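Observations on the three-dimensional arrangement
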Amino acid sequence: MKKYLIAAAVALAVGGACAADAAPRAENAYLSQADAAARSARVSNVDYTLAFTLTGKESFSGTTTLSFDLKDAAQPLTIDLDKATIASLTVNGKAVTPQYNQWFITLAPADLVAGRNTVTIVYSRLHSTNGEGLHRMVDPVDGRVYTYSHFEPAAAHQMFPVFDQPDLKGTYQVTVSTPADWVVSSTTRETSVKDVDGGKLWTFPRSKKLSPYNFSMHAGPYKVWEDNSGKYPMRLFARQSVASQVSPQDWFKYTKAGLAFFDQYFGIPYQFEKYDQLLVPDFLYGAMENAAAITFAEGRFLHKEEMTTAQKESLAGVINHEMAHQWFGDLVTMKWWNGLWLNESFASFMGTLATAEATEFANAWQSFYSGGKQAAYVQDQRVTTHAIETPVPSTANAFDNIDAITYSKGASTLKQLRHLLGEEVFRKGVHNYLVKYQYQNATLDNFIGSLAEAANRDLSGWTREWLYEPGVNTIAAEFSCAGGKVSSFTLRQTASKELPTLREQRVQVGLFKLGKDGLTLDKNVAITYKGAATVVPELKGAACPDLVYPNYQDWGFAKVQLDKKSFATAQSSLRKVDDPLLRSMLWQSLWDGVRDAQLPLNAYLTTVLANAPQEQDYTLLGDILEKVQASVGYLNLMGDSAYRKQVTAQLEQMSFKAASAASDKNFQRRWFSTYVSLASSPAALKQLADILNGKLVVPGLNVSQDVRWTILRRLNRFAYPGTEALLAAEQAQDKSDSGQQAAIAAMVIRPDAKVKAEWAATIADLQTKLPFSKVRTAMGSMYPPEQRALGELTAQQRLDTLGAVDKAAGPVYMRAYAASMIPAACTPASVQRLDAAIAKLTDLSTGTRRALLVTRQEDARCVAIKKAMTAH
């Protein structure tokens with residue numbers, strides 16, 4: 001991608017020196033916060049009239065008429081537009097020769113006026129194929145062409161000329177010329193569709209004020225479902241060839257429930273009149289909160305058989321997350337990208353709250369605990385941890401900090417702030433904030449100020465501790481007993497030397513006793529703690545507990561360190577704990593012990609083998625089995641050993657037996673997918689091959705197309721005889737886009753140096769015609785843990801070229817590349833090799849350097865886990 005940018009920069013340096021001298025901002029592809037602030041100080045009352053001509057071909061054309069008030073005409077003004085061909089530029093009625101560097105147009109002061117200005121730009125541009133701008137995809141099944149827009153963090157200017165920054169909100173009036181069989185969805189509902197020249201002309205009324213990244217326009221021959229049973233009309237869009245994989249009744253059920261919940265909770269009705277949701281291909285993320293036209297990734301939300309309970313819960317959660325953004329993000333928007341975390345944190349918190357309270361998934365907070373919150377704890381203990389609120393110097397850095405800290409730690413802080421302030425006080429503060437700043441841009445201080453006013457307390461200390469200081473604290477119970485009773489009880493809070501901040505929060509401390517009915521709650525107190533030590537006098541005199549959990553019911557954000565007695569109880573008595581959330585927390589304490597090299601991995605897996613087959617909580621079982629797969633990943637990276645073969649065979653047998661015996665389809669699919677992910681012994685691989693060809697039938701199991709591809713990928717991962725022919729036959733049978741993705745994943749993962757070399761060349765070719773979604777799939781399949789020896793063949797080369805790749809490719813590419821292609825081998829030598837790369841590669845982009853640092857830290861963790869195993 002960036003090869004073109006580099007070429008443009010060279011051309012400018014040679015032939016455009018005068019233009020560069022006059023440029024009011026840096027000549028590069030990104031917008032700095034300082035330049036954005038300078039522009040928004042001069043520009044206001046922005047309005048766009050947008051006309052697009054879409055033919056389905058590789059390029060599209062458009063005419064943008066941009067009207068705005070300008071405070072002064074003393075300096076040049078820039079309009080963002082990426083890699084377009086400009087046919088004409090008219091400024092205030094006068095034709096002007098464009099001063100354009102492929103990133104932005106510079107308008108001269110002489111052509112501008114103080115007051116109202118109107119600029120019209122006629123242009124054409126290639127469609128994007130990397131998931132940003134106006135993306136184009138050709139369906140391999142039927143040849144139909146689909147387009148959709150994606151603008152976050154700052155990619156609207158890849159589709160039309162725009163002031164591409166969140167604090168220059170505008171209104172948008174749109175007309176779109178399309179082929180006759182296409183439909184169009186945008187921020188508003190169309191007012192007319194006319195037959196014009198063999199196609200159709202779609203006209204949309206002017207929208208309400210939105211930041212550019214919240215506006216959208218999607219067009220193609222989509223299948224459309226409608227539901228008008230609720231307060232707001234709902235539509236769902238998907239490609240024609242995948243329509244059978246969509247369950248519109250589930251989408252509409254969760255959408256209708258969510259809209260009713262948020263209307264009531266926020267006390268402000270939904271503002272955008274209709275609610276469209278679109279399933280789109282090649283999507284970079286999970287979903288995007290475009291106002292009234294939300295996009296969702298096909299790869300995550302299309303299913304070739306009936307959805308499992310987990311898949312439905314995920315769907316409900318993401319629908320509610322994006323819906324929360326319609327108020328918090330779209331209606332009220334951050335001023336600059338440093339405030340993006342608050343949008344995402346709030347949507348993560350509110351999305352989980354709505355899922356728990358407005359759908360059948362009452363245990364949504366348990367899923368949040370096991371998923372997003374654990375990812376946040378991991379992220380917050382890395383060398384790359386960062387504060388929740390961090391500076392964002394330019395749009396190049398907008399997504400540097402979009403991670404589990406942004407989403408889940410932020411959501412967790414809001415959750416515990418709600419407990420600290422009280423549920424109704426928190427809700428009132430949110431309502432007041434949305435009322436006060438609707439259709440405007442706001443800051444963190446504005447949000448905290450609204451909560452502080454509602455609570456009638458100063459939140460500056462809380463804000464400093466939680467939002468501006470990184471790191472996670474550890475809490476532990478310290479108590480003594482006399483005569484069978486607690487004689488003293490103190491809650492201890494600690495922090496690392498590097499990140500010493502101690503924080504205030506409200507938690508529940510639960511005391512549990514072992515008896516004939518299992519492990520039961522004996523006493524529970526809610527306390528607000530702060531500082532290094534908080535005495536809990538309410539627990540004095542309570543029965544001496546067998547287990548203490550100092551964050552019972554998960555109110556707080558803190559790593560829990562169990563005392564020795566409680567840890568032993570957790571390890572030996574998991575099946576005696578009735579409360580699934582508490583059981584999840586105790587399992588998590590054991591896994592924390594593994595990751596911290598305190599509990600040997602083999603001891604953890606012994607506990608798994610003894611307890612997992614009896615686990616009846618579907619959500620917790622999924623969490624345990626994910627950790628089993630992570631455990632085997634560690635073992636595979638450590639290399640061959642007798643223990644690895646032995647325990648992998650035991651885990652294979654456990655999973656297959658449970659899948660075969662399961663009477664519930666949800667449990668069966670969960671166990672079987674685990675079996676496929678673990679199968680590596682000759683016997684297990686043969687069993688998979690027999691299931692694939694129908695020789696072996698597992699009662700109740702539907703071997704769907706998705707399952708077939710998963711099995712094929714596993715077989716080829718271990719070069720099972722005959723797999724290449726099976727792959728070719730499956731490709732001939734399944735020509736769908738998801739089939740193509742699955743085939744790439746299955747081909748690339750084969751342990752064959754020639755295959756790796758061919759795909760490494762494709763990945764390295766930044767001008768490849770292969771859509772980026774497929775390049776990303778290939779990256780993720782190149783070097784599975786057990787293929788360490790193959791990975792070592794190119795490990796040093798990948799590190800030596802990392803800097804050059806980072807400079808040549810853009811952030812979208814590098815996020816995927818750095819996550820998959822930086823080598824780690826779970827050896828001291830591998831750690832040293834990464835240390836050398838860190839010392840040498842000092843000018844990497846922020847995101848790539850962080851990925852390198854994290855890879856090194858996790859490689860060292862793997863070495864420590866291996867050492868802990870051999871030490872016991």
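Going by the structure above, here's the rest.
Residues numbered from 1 in each chain as written. Predicted model: local features only at pLDDT ≥ 70, side-chain atom pairs only at ≥ 80, totals over all residues. Heavy atoms only, no water.

1. Some words on the packing of aromatic side chains
Test applied: Stacked, tilted and edge-to-face are the three classes assigned to paired rings of Phe, Tyr and Trp, where Trp is represented by its six-membered ring and a pair needs centres within 6.5 Å; plane angles under 30 degrees give stacked, over 60 edge-to-face, the rest tilted. A simple rule labels every residue: compare its accessible area, found with a 1.4 Å probe on the protein chains alone, to the largest value its type can have, and call it buried under 20%, exposed over 50%, or partly exposed in between. To qualify as a helix, a DSSP run of H or I must reach at least 4 residues; to qualify as a strand, a run of E must reach at least 2; elements of each kind are numbered from the N terminus. Whether a charge sits over a ring depends on NZ of Lys or CZ of Arg being within 6 Å of the ring centre and within 35 degrees of the ring normal.
As enumerated under the stated definition, the model contains 49 aromatic pairs in all. Between F261 and F262, the ring centres sit 5.4 Å apart and the planes meet at 75°, which makes this aromatic pair edge-to-face. F261 sits in the buried class, given a relative accessible area of 10%. When the ring of F349 is compared with that of F426, the centres are 5.6 Å apart and the planes differ by 75°; the resulting orientation is edge-to-face. Residue F349 is found in helix α7 (residues 340–358), and its partner F426 is found in helix α10 (residues 423–437); the two are separated by 77 residues along the sequence. Assessed through its relative accessible area of 0%, F349 is described here as buried. K415 extends its terminal NZ or CZ atom over the ring of W365, reaching a point 4.6 Å from the ring centre. In this structure, R670 packs its charged tip against the face of Y618, placed 4.0 Å from the ring centre.

2. Focus: unusual backbone geometry
The linkage connecting E152 with the following residue, P153, adopts the cis geometry, with an omega of 10°. By the secondary structure assignment, P153 is in the loop between β9 (145–150) and β10 (170–179). Residues other than glycine seldom take positive phi values, yet K83 does so here, at roughly 45°. The residue K83 is located in the loop between β3 (77–80) and β4 (85–91) in this model. With a phi angle near 50°, D197 is a residue other than glycine that sits in the positive phi range.

3. Some remarks on the pattern of salt bridges
Quick note on the threshold: The salt bridge definition used is simple: a Lys or Arg side-chain nitrogen within 4 Å of an Asp or Glu carboxyl oxygen.
In this structure the tally under the stated criterion is 44 salt bridges. Its salt-bridge partner being D380, residue K409 comes within 2.7 Å of it at the nearest N-O pair. Taken together, the positions of K409 in helix α9 (residues 404–421) and D380 in helix α8 (residues 364–380) put the pair 29 residues apart, joining distant regions of the chain. With respect to class, K409 is no different from D380; both count as buried.

4. Remarks on the sheet that holds strand β7 (residues 115–126)
Here is the rule we go by: Should DSSP find at least two bridges between two strands, the strands are regarded as paired. By definition, residues are in contact when any of their heavy atoms lie within 4.5 Å. Interaxial angles span 0 to 180 degrees and are taken between N-to-C directions of axes, which are lines fitted to C-alpha atoms, for helices over the stretch in contact.
With respect to topology, eight strands assemble into an open sheet ordered β5-β4-β7-β2-β1-β10-β13-β12, the strand pairing being mixed. One side of each edge strand has no neighbouring strand; the edge strands of this open sheet are β5 (94–95) and β12 (192–196). Here six bridges tie β10 to strand β13 (residues 199–204), and the two strands are oriented antiparallel to one another. Along β13, the bridge assignment pairs T175 with T203. Contacts between helix α3 (residues 33–42) and the sheet are confined to β1 (43–53) and β2 (59–70), with β1 contributing the most and set at about 100° to the helix.

5. Focus: the side chain of K409
The class of K409 is buried, set by a relative accessible area of 0%. Excluding anything up to four places from it in sequence, K409 contacts A376, D380, I388, A404, E469, P470, G471, R503 and F557.

6. Things to note about the nonpolar core
To be explicit about the condition: To define a nonpolar core, start from buried Ala, Val, Leu, Ile, Met, Phe, Trp, Tyr and Cys residues and group those joined through side-chain atoms within 4.5 Å.
Grouped together as the largest cluster of nonpolar side chains are 146 residues, with contacts concentrated most on F52, F68, F160, F163, W327, M350 and F447. With ten residues, the single largest contributor to this core is α7. The residues touching W327, leaving out its near neighbours within four places in the chain, are L259, F262, D263, F266, I268, P269, Y270, V332 and L434.

7. Considering helix α15 (residues 601–611)
Formally: What the arc covers is the set of directions going from the helix axis to the C-beta atoms.
Among the residues of α15, those classed as buried are L601, Y604, L605, T607, V608 and N611. Taken end-on, α15 shows its buried residues confined to a sector of 155°, consistent with a single buried face.

8. Section: the sheet that holds strand β25 (residues 518–529)
Read from one edge of the open sheet, three strands run β25-β24-β27, paired in antiparallel fashion. Either end of the sheet is taken by a strand with one partner, and the two such strands are β25 and β27 (547–549). Between one strand axis and the next, the sheet turns by 20° as a mean value, whatever way the strands run. The sheet contact formed by strand β24 (residues 505–515) and β27 spans three bridges and is antiparallel. Bridge pairing in β27 links F512 to L547. With respect to the sheet, helix α13 (residues 564–572) is in contact with β24, β25 and β27, its orientation differing from that of β27 by roughly 100°.

Read these as layout, nothing more, since geometry by itself doesn't imply function.
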